[in-house]
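# Structure at a glance
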Amino acid sequence: MLEEKHFDILSEIQFEFAGFVDSSSQRMLEESDLVVFHGHLSIIEVEELIKKSHILLSIDADVADEQAMFLPSKLLDYMSSRKRILAITNKRSSSYDFV
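Read on for a plain summary of the structure. (Residues numbered from 1 in each chain as written. Predicted model: local features only at pLDDT ≥ 70, side-chain atom pairs only at ≥ 80, totals over all residues. Heavy atoms only, no water.)

A word on the layout of surface pockets. Here the largest pocket is characterised by a volume of approximately 1400 Å³. In terms of lining, the largest pocket is formed by 44 residues, of which the most central are Glu16, Phe17, Ala18, Leu57 and Tyr78. Residue assignment for the lining of the largest pocket shows that the elements contributing at least two residues are β1 (15-18), α3 (23-29), α4 (43-52), β3 (55-59) and α5 (73-81). A class-by-class count of the residues in the lining of the largest pocket yields 24 nonpolar, 13 polar and seven charged. (1 Å grid on protein atoms, 1.4 Å probe; cavity = no way out; pocket = protein on both sides within 12 Å on 5 of 7 lines; lining within 4 Å. Points joined across faces, edges and corners; volume = space filled by probe spheres on them. Helix = DSSP H or I, 4+ residues; strand = E, 2+ residues; numbered from the N terminus. Nonpolar A, V, L, I, M, F, W, Y, C, P; charged D, E, K, R; others polar.)

Below is the structure:
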């Protein structure tokens, strides 16, 4: 749908995922030419990817209240980069409070 309505801006957009992506999400996303999966990267490779990115994405797992204290370490890397962060999370998570 996005590809049909806004094809002019899509030549400028690419979504790059580093690290683990669950198989069902990966199957759904890899159908698009806009998505690249890098898999596991070294810390140097992650730093380079962060430097060239315009917006950084953090997606929290849907967890119970007692597990909501978990803060993904990538958020600390993201904050130190001073880039914009899009966090998909819920209000009970540590990520919500942090971002």
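Resuming the write-up.
Attention shifts here to the packing of aromatic side chains. Scanning all chains against the criterion turns up one aromatic pair. Consider the rings of Phe17 and Phe37, whose centres lie 5.6 Å apart with planes at 25°: the pair is stacked. Of this pair, Phe17 sits in strand β1 while Phe37 sits in strand β2 (residues 35-39); the two residues are 20 residues apart in sequence, bridging distant segments of the chain. Judged by relative accessible area, Phe17 falls into the buried class, the value being 17%. (Phe/Tyr/Trp six-rings, centres within 6.5 Å; stacked < 30°, edge-to-face > 60°. Buried < 20%, exposed > 50% of the residue type's maximum accessible area, 1.4 Å probe, protein only.)

With that settled, the discussion passes to unusual backbone geometry. A positive phi angle is found at Arg82, which is not glycine, with a value near 60°. Structurally, the position occupied by Arg82 is in the loop between α5 and β4 (84-88). Exposure remark for Arg82: the relative accessible area of 78% places this residue in the exposed category.

Turning our eyes to something else, we now look at the pairing of β3. Only one face of β3 is covered, namely the face carrying Leu56 and Ser58; the face carrying Ile55, Leu57 and Ile59 is uncovered. In this structure, β3 lies alongside β4, joined through five bridges in parallel fashion. Pairing of Ile59 across the sheet is with Ile88, part of β4. (Pairing = 2+ DSSP bridges.)

What follows deals with the pattern of salt bridges. The full count for this structure, using the stated rule, is two salt bridges. The closest approach of N and O atoms between Glu16 and Lys52, which form a salt bridge, is 3.5 Å. Taken as a pair, Glu16 in strand β1 and Lys52 in helix α4 lie far apart in primary sequence, 36 residues in all. Among the ionic pairs, Lys51 bridges to Glu48, the shortest N-O distance being 3.7 Å. Taken together, the residues span about one helical turn, with Lys51 and Glu48 both in helix α4 at a distance of three residues. (Salt bridge = Lys/Arg side-chain N within 4 Å of Asp/Glu carboxyl O.)

On their own, these measurements won't tell you what the molecule is for.
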